[in-house]
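Per-entry structural report
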Amino acid sequence: MELYTESLTKYKRLKTREVRIGDLLLGNFHPIRVQTMTTTDTMDTLATVEQSIRCIEAGSELIRITAPSKNEAENLLHIKNELRKRGYMTPLVADIHFTPNAAEIAARIVEKVRVNPGNYVDKKKFELIEYSDADYAEEIDRIRERFTPLVSICKEYGTAMRIGTNHGSLSDRIMSRYGDTPAGMVESAMEFLRIARDENYHQVVLSMKASNPQVMVQSYRLLVKTMWDEFGECYPLHLGVTEAGDGEDGRIKSAVGIGTLLEDGLGDTIRVSLTEDPELEIPVCRDLVKRYGSQDGSNESVPPVKKISYSPFEYKRRETFAIDIIGGKHVPVVIADLSKLEKITPESLHAVGYNYDAATDKWNISDTAADYIFTGHQLLDFALPATLKLVVYPDAWEQATDKSRCFPIFQDSGYVQANEKSERLNFVMVDCFNHESNGSSFTYLEEIANKPEVVICLSSTNKNAMQSIRRMLLELQNRDFKNPVILITDSNWKTADEHLIHYATETGALFLDGFGDGICLGMTQKSYDPPKTDTSNGLLNARGRNYGNNQTIEQFINSTAFVILQATRTRISKTEYISCPSCGRTLFDLQETTAKIRAVTHHLKGVKIAIMGCIVNGPGEMADADFGYVGSGPGKITLYRGKEVIKRNVNNDVAVDELINLIKENDAWVEP
Ligand code: SF4
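This is a predicted model, so every value here is computed, not measured. (Residues numbered from 1 in each chain as written. Predicted model: local features only at pLDDT ≥ 70, side-chain atom pairs only at ≥ 80, totals over all residues. Heavy atoms only, no water.)

**Considering the overall build of the protein chain**
Of the regular secondary structure elements, the protein chain holds 19 helices and 25 strands. For the protein chain, whose C-alpha radius of gyration is 26 Å, the value lies close to the compact-globule estimate of 26 Å for 672 residues. Here the C-alpha coordinates of the protein chain stretch approximately 75 × 55 × 55 Å along the principal axes. A fraction of 69% describes how many contacts in the protein chain between residues 6 or more apart in sequence connect residues 24 or more apart. (Helix = DSSP H or I, 4+ residues; strand = E, 2+ residues; numbered from the N terminus. Rg over C-alpha atoms; globule rule 2.2 N^0.38 Å. Contact = heavy atoms within 4.5 Å.)

Encoded structure:
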């Protein structure tokens, strides 16, 4: 395996060892398993059993339960017995941080234990220490001594294990040598995996979670490569993006990270971490997984890539020149497709972020306002807001009286053949699938190569659309084409969640690798089931919270495009919330608090706020956040600026106000 996947152009699951978790088989081409984690207090047996049952009935194939101390670990027996008594045989997983003795108890009770290599043996002091090779080897011996008893118990009881690295809780030793990098995350897991292998224990699953999908994707890829290079084989992967948040944001962020890896055949089980009830995570998992049901072997072929011109282990944006506000150093643009609207009026622009105020004769522009609108054959009979431009088919463009902010879009070789073209900006649509089927015919592409007035718009009708577009991007890079590229993705799925996942997976995978200078999403009108809010069904109520009520298709697509760019960290247009999904360790109501904080801070564009039920994953998880709101004891919150504690043990009832004060003191506040 040259990189991290057997093929960059063909969907092919990564072959891994097989792991047995109770009666469930994982890896080695078994179906991708979906799972979640309870949020109840593990000492509350009945509540945990009932929540587990809701998750199992929603389709969860594994249930993870936190065991922070020996008491909770012991109580797993009561939970397991009650579930089995009620006829639920789903395997249970104990989630362990810091407490080897709890792990050793749990491993005798449940089918799988998860350990965090960042805190299983090491106690974090946030010290930067210089380790000589001898010191380092001594540390590894210490880990071996503490970890081997758990491995022996797992072998004896037939218990599986997840070595679950978390970007936010790497040990001081790893941080000192590698920093909080993908290489550090991989080494953190490999230290434990080598010990397990030395003990001839192979019932191991691995994860590399981070709240930043870029770091998460690079770490999993590097882990696969490292395992392959060192052992000549791989262990199954558990995929997840930590603290993804809730609603649309949480779903998209998860799909960007998890979907990107699934597209390349990586991943044997997935967990989508949402700050919502755990059973609501399962439909999202299923939507992600069902995309790959019949992919293996039934591929429409994409020719292999001859030369890989980028590194999948680090982010580097593809080099392009700028045209108008597209490419170069500009953030990716959003092109909103309004071509399905029969008559476009000033009111239509509300859906894409522009509100006309007749009283002042002014446009109010939101932070998620599209940069261009595509209207097909339709020219507009009103003046556009100053920051918005029009893209139309060539016949309409020729009729336009004012071409200063109106540009044509050509299909394939249409541009080369056209008599009339814009001197400033032309869009050329390319279906990558056509290029694959007629061999590598680049004739007309050679004619538009590096023309300073041509932006290329890539889409693919191939079933493996992402791989097909990626191949074309590599081809452009290898041929030194520097034209900016817009990624066009159409969705034929039905529900809002399915569309979100499709868009996030197909385009997210490319943006994470530095490809794409713009995004344009489309769908068939009839295939949209808008999210509903007014219902007694908990699932829809919860989803409606920040999905936006009764959105039109255009609103839905526009907001999805901006959230994808935010999740891939390529364009920041709103406040980012890094909120944990909560679990039995949670010290306050995560959902209610997240909603409260969101209500008062949602206008702080670009500010990242971490909301964590406890500090188990460490302030490292907030390295990426500007401010942190973290449960530190019953009714108590500790506030952070970056990784630094600013106020300890603030009372819950004033903590949101104190958070706002902290944001103000740091000049990050603006009035709504
Ligand atoms: S950060 Fe949240 S999900 Fe993670 S252990 Fe703490 S409370 Fe549980």
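What follows picks up the thread again.
**Brief notes about the site of the ligand**
Around the ligand, the structure places ten residues, and the nearest of them are Cys 580, Cys 583, Thr 586, Cys 614 and Val 616. When its residues are assigned to classes, the shell around the ligand shows five nonpolar, four polar and one charged. (Near = heavy atom within 4 Å. Nonpolar A, V, L, I, M, F, W, Y, C, P; charged D, E, K, R; others polar.)

**A few points about the confidence of the model for the protein chain**
Per-residue confidence for the protein chain gives a mean pLDDT of 90; residues scoring 70 or more make up 92%. Predicted confidence for residues 532-548 stays below pLDDT 50, and this span has 30 contacts to residues more than four positions away or in other chains. (pLDDT = per-residue confidence, 0-100.)

**A closer look at the packing of aromatic side chains**
Under the criterion given, the structure shown has 13 aromatic pairs. With a centroid separation of 5.9 Å and 80 degrees between ring planes, the pair formed by Tyr 372 and Phe 427 is classed as edge-to-face. Within this pair, whereas Tyr 372 is found in strand 14 (residues 372-374), its partner Phe 427 is found in strand 17 (residues 426-431), the two being separated by 55 residues in sequence. Take Tyr 372: its relative accessible area is 0%, and that puts it in the buried class. A relative accessible area of 1% means that Phe 427 is categorised as buried. Here Phe 374 and Tyr 393 contribute two aromatic rings whose centre-to-centre distance is 5.2 Å and whose plane-to-plane angle is 85 degrees, an arrangement assigned as edge-to-face. One end of the pair, Phe 374, is in strand 14; the other, Tyr 393, is in the loop between strand 15 (389-392) and helix 10 (394-399), and 19 residues separate them in sequence. The class of Phe 374 is buried, set by a relative accessible area of 11%. Grouping aromatic residues by their ring pairs yields a cluster made of Tyr 120, Phe 147 and Phe 192. Over the ring of Tyr 136 we find Arg 173; its NZ or CZ atom is 5.7 Å from the centre of that ring. (Phe/Tyr/Trp six-rings, centres within 6.5 Å; stacked < 30°, edge-to-face > 60°. Buried < 20%, exposed > 50% of the residue type's maximum accessible area, 1.4 Å probe, protein only. Lys NZ or Arg CZ within 6 Å of the ring centre and 35° of its normal.)

**With respect to the sheet that holds strand 24 (residues 636-641)**
Reading across from one edge, 21-22-23-24-25 is the order of the five strands in this open sheet, with mixed pairing throughout. Across the chains shown, the open sheet's two edge strands, defined by having one partner strand only, are strand 21 (576-579) and strand 25 (644-651). Neighbour-to-neighbour, the strand axes of the sheet open up by a mean angle of 20 degrees, direction not taken into account. With four bridges joining them, strand 21 and strand 22 (residues 608-612) adopt parallel strand pairing. Residue pairing across strands places Ser 579 opposite Ile 611, the latter belonging to strand 22. The strands touched by helix 18 (residues 590-601) are strand 21, strand 22 and strand 23 (627-633); relative to strand 22, the strand with the most contacts, the crossing angle is about 160 degrees. (Pairing = 2+ DSSP bridges. Axes fitted to C-alpha atoms, helices over the stretch in contact; angles between N-to-C directions.)

**Considering the pairing of strand 21**
Going residue by residue along strand 21, you find Glu 576 and Ile 578 tucked away on one face and Tyr 577 and Ser 579 tucked away on the opposite face as well. The parallel pair strand 21 and strand 22 is bridged by helix 18, and the resulting crossover is left-handed. (Right-handed = clockwise from strand over helix to strand, strands pointing away.)

**Structural notes on helix 14 (residues 465-478)**
Here helix 14 spans 20 Å end to end across 14 residues, near enough to the 20 Å set by a 1.5 Å rise per residue. The buried count for helix 14 comes to twelve of 14 residues, which makes it a mostly enclosed element. The complete set of buried residues in helix 14 reads Ala 465, Met 466, Gln 467, Ser 468, Ile 469, Arg 470, Arg 471, Met 472, Leu 473, Leu 474, Glu 475 and Leu 476. Count one or two residues on from helix 14 and you reach Asp 480, which has phi positive near 65 degrees. (Expected span 1.5 Å × (residues − 1).)

**Some points on unusual backbone geometry**
Glycine aside, a negative phi is what most residues show, and trans is what most peptide bonds show. Of note in this structure, Phe 29 is not a glycine but carries a positive phi near 75 degrees. Among the secondary structure elements, Phe 29 is positioned in the loop between strand 2 (24-26) and strand 3 (33-37). Note on Phe 29: relative accessible area 44%, which makes it partly exposed. Non-glycine residue Asp 667 carries a positive phi angle of around 55 degrees. Mapped onto the fold, Asp 667 is located in the segment after helix 19 (652-665).

**Some details on the sheet that holds strand 11 (residues 333-337)**
Strands sit in the order 11-14-15-16-17-18-19-20 around a closed barrel of eight strands; the barrel is parallel. Pairwise comparison of adjacent strand axes, ignoring direction, gives a mean angle of 25 degrees for this sheet. With respect to the sheet, helix 15 (residues 496-512) is in contact with strand 19 (485-491) and strand 20 (518-523), its orientation differing from that of strand 19 by roughly 155 degrees. Where helix 17 (residues 553-567) meets the sheet, it contacts strand 11 and strand 20, and its direction lies at approximately 145 degrees from that of strand 20.

**With respect to the pattern of salt bridges**
Enumeration according to the criterion identifies 47 salt bridges in this entry. With a closest N to O distance of 3.1 Å, Glu 61 and Arg 33 form a salt bridge. Taken together, the positions of Glu 61 in the loop between helix 1 (45-58) and strand 4 (62-66) and Arg 33 in strand 3 put the pair 28 residues apart, joining distant regions of the chain. Of the residues examined, Glu 61 reaches a relative accessible area of 23% and is grouped as partly exposed. (Salt bridge = Lys/Arg side-chain N within 4 Å of Asp/Glu carboxyl O.)

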